[in-house]
Amino acid sequence: MIYVGIDVAKDKHDCFAMNSDGEILIEKLTITNNLDGFETLYNSLMNFSDSLYNIKVGLEATGHYSNNILNFLTEKGFNIYLINPLQTNLYVKGQSLRKTKTDKLDAHVIATMLISDNLKPYIPVSYHISELKSLTRHRFRLVKENSKFKTSLVRLVDIVFPELPKIVSSVAQKSCLALLSELPNAKKIAECNLTHLTHLLSDNSNKKFDRDKAIEIREIAKKSIGTPSESVAFELKQTISIIQFLQKQIDDIDKRIKEILKEIDTPILSIPGISFKLAGSILAEIGDISRFDSPSKLLAFAGLDPSMYQSGKFFSTHSVMVKRGSKYLRFALMNASRMVCMNDAVFNNFKNKKMSEGKHYMVTMGHVAKKLVRVIYYLLKTNNKYEADKVA
C-alpha cells in the first residue's frame, strides 16, 4: 500500500509518499495548483503502482483551496481521505515537543496518519447536495452582511427620525424602507402631501398601513427632534439601497434552494417548523448520512456535544458546548430547534420540561437541538416522514 500526504495551499501543493514498510517514495514533490501540476502528481504516483486501489491519498479539509485537487483525484478514482486540520495539529503535538511547522512536514504527517489512524474514506457528495452547500453558505454570508447594514439603518434613523421606531414594528420592513428611501428625514415626511404619503405606505405594506397611519407618522414627524442633515440622508438612502439589493439576492437564493429541495423530496421537511431554508442548510452540511454511524457522531460534527473533563476524583459539572464542528450546521440546528418548538407539541413539551428543571434557556435549546439531531438522523437513515407519536 502507498500512502500519500498532500499539504494544500493556494498556489501550490506539497506532496509526500511512502509505502507500508516506511520506505520514502516521494520525499518532496511541489506541484502547481493547475491541471499541469495535478497531472504531474498523477503520473508520479502511477510510477509506483498500476492499481489505484493500492494508493491512499490524504489531505486536510482546508476550505475552497482543496476543492479542485480533490475533484481531480476523485475523478481519477483514488482512495481519498479528508482530515480535519485540528487532528493533524494534535497529532504533530503528540509526536514532538518542538514547535516546528513546514509544508513538507505537514505532508509527511498526513501520510503517516493514513497508516496509524482509523480514518474514513472521503465520499463524494451528490450534485444536489453540492449545489445546496454552495447556495446555503452564500446565503449565510449575505444575511450576515445584510444584518450589518440593518444595524447601520437603525443608527441613521435615530439621527433623522428617532421617533419612527416607536410607532412601527421594524424600520427594516418594506414599507419603512420605501418611506425613508424617498423621504429620508422627518422634515421631508412632515412636508409630504398626505395622499402621496398614504399611497406610499399602503402600496409597500400590502394595504396594512392606511390613511390613519400616514397621519400618525406625519404628525409625529412635525414634532420630531431629528436632524435634517443632507449628508446623513444621503447615507441613509444608500444604506437602504444596499439592504434592498441584498434582500433581492437572498430571495433569489431561497427560490433556488426551494427548487432543489423539491427535487430531492427530503423527509426533513416533514418536521413541523423546518422551512426550505433550514432544511437546505442542514442537508448541505450533513451531506451523506452514511458518513455517521450514530446520532452522537452527527451531534459532534455539528459541535453541539458537551465537553468533558475528569481528572482523578474530579468530575466537571459545568461542561460547555464544544463548538468545534460545522458552524453552519450548528446555526441551522439551533434555529430549527426554536422553530420546531413553536410548531410541534412534542418538542415544546420537552423544552418546557427542561425549563422547569431550572435550566438556562440556551442550555434548554441545546437539549432540544440534540433531540432534533436524533430525529433528523432517523428520518434520513430510514427515509420516513416525521411522526410525533414516535418521538414522544
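Nothing here was measured: the structure is a model prediction, and the numbers come from that model.

**Side note on the overall build of the protein**
Then step 1. Along the protein, the regular secondary structure elements total 16 helices and seven strands.
Then step 2. Taken over C-alpha atoms, the radius of gyration comes to 28 Å for the protein, far larger than the 21 Å a tight globule of 392 residues would show.
Then step 3. With respect to the three principal axes, the spread of C-alpha positions in the protein is 85 × 50 × 45 Å.
Then step 4. Counting over 392 residues, the protein shows a buried share of 42%.
Then step 5. For the protein, the accessible surface area stands at approximately 21,600 Å², while carbon and sulfur atoms represent 52% of it.
Then step 6. The positive charge centre, built from 55 side chains, and the negative charge centre, built from 41, are 7 Å apart in the protein.

**Brief notes about the packing of aromatic side chains**
Then step 1. Scanning the model with the defined rule gives five aromatic pairs in all.
Then step 2. Ring geometry for Phe140 versus Tyr328: centroids 5.0 Å apart, planes at 80°, classification edge-to-face. Taken as a pair, Phe140 in helix α5 (residues 127–160) and Tyr328 in helix α13 (residues 327–343) lie far apart in primary sequence, 188 residues in all.
Then step 3. The class for Phe140 is partly exposed, based on a relative accessible area of 21%.
Then step 4. An aromatic cluster is built from Phe140, Tyr328 and Phe331, whose rings are joined through pairwise contacts.
Then step 5. Above the plane of the ring of Phe301 lies Arg291, whose end atom (NZ or CZ) is 5.2 Å from the centre.
Then step 6. The lysine or arginine in question, Lys371, covers the ring of Phe347, its NZ or CZ lying 5.9 Å from the ring centre.

**Focus: unusual backbone geometry**
Then step 1. If you check the backbone angles, Asn206 has positive phi at about 55° while not being a glycine.
Then step 2. Its location among the elements puts Asn206 in the loop between α8 (194–203) and α9 (211–222).
Then step 3. The backbone of Asn383 shows a phi angle near 60°, a positive value even though the residue is not glycine.
Then step 4. Within the element layout of this structure, Asn383 appears in the loop between α15 (361–382) and α16 (388–391).
Then step 5. The class for Asn383 is exposed, based on a relative accessible area of 55%.

**Some remarks on the environment of Glu387**
Then step 1. As for its placement among the helices and strands, Glu387 is situated in the loop between α15 and α16.
Then step 2. Accessibility expressed as a relative area gives 36% for Glu387, which makes it partly exposed.
Then step 3. Considered as a pair, Glu387 and Val4 are 383 residues apart in the sequence and their alpha carbons are 47 Å apart.

**Quick notes on the sheet that holds strand β2 (residues 12–19)**
Then step 1. The five strands lie next to each other as β3-β2-β1-β4-β5, forming an open sheet whose pairing is mixed. With one partner strand each, in any of the chains shown, β3 (24–32) and β5 (79–83) form the two edges of the open sheet. On average, each strand axis in the sheet is inclined to that of its neighbour by 20°, with strand direction left out of account.
Then step 2. Lying on the sheet, helix α1 (residues 35–46) is in contact with β1 (2–8), β2, β3 and β4 (55–60); it crosses β3 at an angle near 165°.
Then step 3. The sheet contacts of helix α2 (residues 67–76) involve β1, β2, β3, β4 and β5, and relative to β5 the element is tilted by about 155°.

**A look at the pairing of β3**
Then step 1. With six bridges connecting them, β2 and β3 associate as antiparallel partners. Paired with Cys15 across the strands is Leu29, a residue of β3.
Then step 2. The antiparallel hairpin formed by β2 and β3 contains four residues in its connecting segment, where Gly22 sits at a positive phi of about 85°.

Criteria and thresholds
- Residue positions are given per chain, counting from 1 as you read along its sequence in written order.
- Totals for whole chains, interfaces and linings use all residues, but because this is a predicted model, local features are given only for residues with pLDDT of at least 70 and pairs of side-chain atoms are given and counted only at 80 or more.
- Hydrogen atoms and water are omitted, and side-chain values are computed over all heavy atoms in the structure.
- To qualify as a helix, a DSSP run of H or I must reach at least 4 residues; to qualify as a strand, a run of E must reach at least 2; elements of each kind are numbered from the N terminus.
- Atoms counted for the radius of gyration: C-alpha only. Globule rule: 2.2 Å times the number of residues to the power 0.38.
- Between buried and exposed lies partly exposed: a residue is buried under 20% and exposed over 50% of the maximum accessible area for its type, with that area taken using a 1.4 Å probe on protein chains only.
- Working definition of accessibility: Shrake-Rupley area with a 1.4 Å probe, residue cover restricted to the visible protein chains.
- A residue counts as positive if it is Lys or Arg and as negative if it is Asp or Glu; His and the chain ends are not included.
- A charge is said to be at NZ when it belongs to Lys, at CZ for Arg, at CG for Asp and at CD for Glu.
- Stacked, edge-to-face and tilted are the three classes for Phe, Tyr and Trp ring pairs, Trp counted by its six-membered ring, which pair at centre distances within 6.5 Å; planes under 30 degrees apart are stacked, over 60 edge-to-face, the rest tilted.
- We count a charge as sitting over a ring when the NZ of a lysine or the CZ of an arginine lies within 6 Å of the ring centre and within 35 degrees of the ring normal.
- A pair of strands is labelled paired if DSSP reports no fewer than 2 bridges between them.
- Axis lines are fitted to C-alpha atoms, over the contacting stretch for helices. Their N-to-C directions set the angle, which ranges from 0 to 180 degrees.
- We call two residues in contact whenever any of their non-hydrogen atoms come within 4.5 Å of each other.

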